[in-house]
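Survey of secondary and tertiary structure
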Amino acid sequence: MKPDSQPPRVVPVLVPMPADRPYSYSVAAGMQVGPGSIVRVPLGPRQVAGIVWDGDGGSVDPKKLRPIEQVFDCPRVTDEMRRFVDWIADYTLSPPGLVARMLLRAPAAFDPEPWIEAIERTDAAPDRMTAARGRVLETADSGLAWTRSGLAHAAGVSSTVIDGLKAQGVFRDVMLPPRPIVAAPDPSYATPQLMPDQESTAATLTEKVSAGTFSVTLIDGVTGSGKTEVYFEAIAAALMKGRQVLILLPEIALTHAFLERFQDRFGTKPAEWHSDLPPRMREKVWRQVAEGQVRVVAGARSALFLPFCELGLVVVDEEHDPAYKQEDRVYYNARDMAVVRGHIGGFPVVLASATPSLESRVNALSGRYARVALPARFAEAALPDLKAIDMRRSPPARGGFLSPILLDETRRTLERGEQALFFLNRRGYAPLTLCRVCGHRFQCPDCSSWLVEHRFRGQLVCHHCGHNEPRPEACPECGTLDHLVACGPGVERIAEEAVGHFPDARIIVLSSDMLGGVRRLRLELEAISKGEADIVIGTQLVAKGHNFPNMTLVGIVDADLGLANGDPRAAERTFQLLSQVTGRAGRTGKKSLGLLQTYQPEHPVMKAIVSGDAEAFYERETEERQRAGLPPFGRLAGIIVSAATRQEAESHARALRRAAPAATDIQVLGPAEAPLALIGGRHRFRLLVHGERRTDIQKFVRSMLAAADRPRGSVRVQVDIDPQSFL
DNA sequence: AAGTAGGCGGGT
DNA sequence: CCCGCCTACTTA
């Protein structure tokens, strides 16, 4: 090296791995890079995509320094997006590189989409005409360009005919830019006729959008009150302002109906984003979002990490839905992160739900969020008649789980040629198997929860960790043959019972472990909408926004399920789920009925569902939490361990995991850099466990510590709540 | 995260 | 005696 040569320019690059800060890379002379550039860099033996971050390159041993290999021809990650990544990394105590990784999950999108080879008509005429040539010229008459195979197909000729014409100069090659995956939505495609209340609510939202500043608005309105139509107007306003829009939906793979509604309003479907998207489509969406061709995305929680260039509105539909929580690697709730995204981007966020989460309701009441409520008036005709069935008074037949009242109503429904839905939120045949002779209960060897029998598959399955084993004939404890007995119902068992009562009915079971995956499920849902089933027996996935126009009866097989599991959110969750499920019977225009089988008809959840008085229920729940000294929100608990190195923290985590095998989700998320509570000058690492109550977590940690023999003081507990308090 | 290097068990 | 699996360690 010449002694007078300049030292190379060095920049920080976030690489997609859990380092706690960017790595330094050198920049070749003349290479155009700046914050936000997506680059290819060497990392150990491989090449990875990284993002040039802010600040200087830091100091690193020059011997270790390696060069950026390539700057991708791709829009830079915006300043907004980089702040968003930093914020989430800080808040969730995740390494920023892992957060950045969520934004780099479409590797082929960093190179520009290839242009399409096509042909177009010239002025030249062919030497002689044939019938095939005539058809080709007629088809291509419009003067637009065609792909070779596309034109051949449309004209009904072999592509050699096209080649012949091209050889004579009748067509010439042209390159076309890649086609947009969706047309631009038209905000005035089908302006709806809104009812006065919807009108004023829509006006409130469009004002927020025109203001173009950060705000959060909660739309609260029962099923059928027109929430979607109302926030569509906010979307129209954002589109007219030239801004992009993100609609978050829980589990979008099953929300076909939503996309159609969007199309009816805007003339085209939004771009979709979810984990089942084929890789080629993923890349196109990513690229076209970054370049601004895609104006509206409807997506699952990961769509928050799409590189929007002009985002101006985020709508979070069904904001209470637990599917918004990501619980691996980076723990976050997409609903809260959407609020943070809006705060950083300076634009409005809309949360919508018929059954808002307690925390959103509290945020609305305290004035932190605006709240607009849609009255149920317009929806009333669409709401089912709801009744609780007291199972102590109308018990099922011996060995069964369906009460005579529900069976009676089902018979009537089928006689009218309408459909019935039995809802039970439990997959498989039976949640517990025991030996009648010795009392042995089948337990998961890895996490000690009961094994659920799946009779159709002939297996015992742990719903907690996925462990499975074949169902044995003999008891493993006492060896007795044929004395194993199934306890309690799952959907398979309810189906068996239904077949016994209605042998001629077409009965279908829907659950997430259905053979054939999401595709099959979508087909089945379609078939049900068309009336190709009489009785549908399903788990919670039937609760998600499907329309079954002929479904006039919903029976909740076990409305108490989920109320007694010690989760402080049990009542809230049950209320939300049951509201959603009974709502499935409301959209028919016909008289419809919802029946809740319960052993506690006086429970506040049952009373709230039957009376429709959600407000009283919410007030009660909120007060209950206050009485218990809990914030009305909060979910995560961080366990802080003290350790000198990440390795040592990992070793703490391993010991804690061993001591509490049920807590498989203990995870090291540190080190936390906060200067407080440094223990003995060592680093603090945070571990996350599930839990909603500080006391529960503390108890949990104490028992783990006793069992794991960790040094006193090496573990502290901190409960993390509500990100809004950081704004 | 993903790849490499070092430690041991066990079967051919 | 070498392969497979587990753990520790590195990546700029």
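Residues numbered from 1 in each chain as written. Chains lettered and ligands numbered in written order. Predicted model: local features only at pLDDT ≥ 70, side-chain atom pairs only at ≥ 80, totals over all residues. Heavy atoms only, no water.

1. Quick notes on the pattern of salt bridges
Selection criterion: The term salt bridge refers to a pairing of a side-chain nitrogen on Lys or Arg with a carboxyl oxygen on Asp or Glu at a separation within 4 Å. Per the convention used, a helix needs a DSSP run of H or I reaching at least four residues, while a strand needs a run of E reaching at least two, with both numbered from the N terminus. Under the scheme applied here, a residue whose accessible area is under 20% of the maximum for its type counts as buried, over 50% as exposed, and between as partly exposed, the area being computed with a 1.4 Å probe on protein chains only.
Taken as a whole, this structure holds 33 salt bridges when the rule is applied. Its salt-bridge partner being Glu310, residue Arg295 comes within 2.9 Å of it at the nearest N-O pair. Placement of the pair is Arg295 in the loop between helix H9 (279-291) and strand E12 (296-299) and Glu310 in the loop between E12 and strand E13 (311-317), with a sequence separation of 15 residues. Arg295 gets classed as buried once you look at its relative accessible area, which sits at 16%. Ionic pairing is found between Glu359 and Arg335, a salt bridge with its closest N-O pair at 2.7 Å. Of this pair, Glu359 sits in helix H11 (residues 358-365) while Arg335 sits in helix H10 (residues 334-345), placing them 24 residues apart in sequence. Residue Glu359 shares its accessibility class with Arg335, and that shared class is buried. One connected set of salt bridges, linked through shared partners, spans Asp220, Arg361, Arg371 and Glu615.

2. Details of the pairing of strand E25 (residues 507-510)
Selection criterion: Paired strands, as defined in this entry, are two strands with at least two bridges between them according to DSSP. If you view a crossover with the strands going away from you and the path from the first strand over the helix to the second runs clockwise, you call it right-handed.
Residues Ile508 and Leu510 of E25 are buried on one face, while the alternating residues Ile507 and Val509, pointing to the opposite face, are not. Pairing analysis gives 4 bridges linking E25 to strand E26 (residues 535-538), with the strands arranged parallel. When the bridges of E26 are listed, Val509 appears paired with Ile537. You can see the chain leave E25, run along helix H14 (residues 517-529) and come back into E26, and the turn it takes is right-handed.

3. Observations concerning the UniProt feature "binding site: Zn(2+) 2" (unreviewed entry) in chain A
For clarity, the threshold we go by: UniProt positions are given in the numbering used here, feature names are shortened, and annotations may be inferred rather than shown by experiment.
Mapped onto this structure's residue numbering, the UniProt feature "binding site: Zn(2+) 2" (unreviewed entry) falls at Cys444, Cys447, Cys462 and Cys465. Within the secondary structure, Cys462 is located in the loop between strand E22 (459-461) and strand E23 (468-470).

4. Considering the sheet that holds strand E19 (residues 419-423)
Stated precisely, the cut-off is as follows: Working convention: axes come from line fits to C-alpha atoms, limited for helices to the stretch in contact. Angles between N-to-C directions cover 0 to 180 degrees. Note on contacts: a residue pair qualifies if any of its non-hydrogen atoms lie within 4.5 Å across the two residues.
Here 6 strands make up an open sheet; going across it, the order is E18-E28-E27-E19-E26-E25 and the pairing parallel. The two strands at the open ends of the sheet, each matched to only one other strand, are strand E18 (385-390) and E25. Going across the sheet, the axis of each strand differs from the next one's by a mean of 20°, ignoring polarity. Where strand E27 (residues 551-556) meets strand E28 (residues 593-598), 4 bridges bridge the pair, whose relative direction is parallel. For Leu553, the partnering residue across the bridge sits in E28 and is Leu593. Across the sheet, helix H12 (residues 404-415) is in contact with E18, E19, E26, E27 and E28; its angle to E27 comes to roughly 165°. Contacts between H14 and the sheet are confined to E19, E25, E26 and E27, with E25 contributing the most and set at about 140° to the helix.

5. Topic: the protein's contact with DNA strand C
The condition is simple: Working definition: residue near molecule or strand if any one of its non-hydrogen atoms lies within 4 Å of it. What qualifies as a polar contact is a pair of N or O atoms within 3.5 Å, subject to a donor-acceptor requirement within protein and to the restriction that residues adjacent in sequence count only when both atoms come from side chains. Polar here means any residue other than Ala, Val, Leu, Ile, Met, Phe, Trp, Tyr, Cys and Pro, which are nonpolar, and Asp, Glu, Lys and Arg, which are charged; Gly is therefore polar.
If you check the shell around DNA strand C, you find 14 residues, and the closest are Ser24, Tyr25, Gly44, Lys64 and Arg66. Between a base nitrogen of DNA strand C and a side-chain N or O atom of Arg21, the distance comes to 3.5 Å. Here Ser24 contributes a backbone N or O atom positioned 3.0 Å from a sugar or linking oxygen of DNA strand C. Elements with a minimum of two residues in the surface near DNA strand C: strand E2 (23-27), strand E3 (38-43) and helix H18 (646-659). Ranked by residues supplied to the surface near DNA strand C, first place goes to E2 with 3 residues. In the surface near DNA strand C, the residues fall into 7 nonpolar, 3 polar and 4 charged.

6. Side note on helix H13 (residues 491-501)
Among the residues making up H13, those that are buried are Val491, Arg493, Ile494, Ala495, Glu497 and Ala498. Summarising the contacts, the buried residues of H13 are in contact with E19, strand E24 (484-487), E25 and E26.

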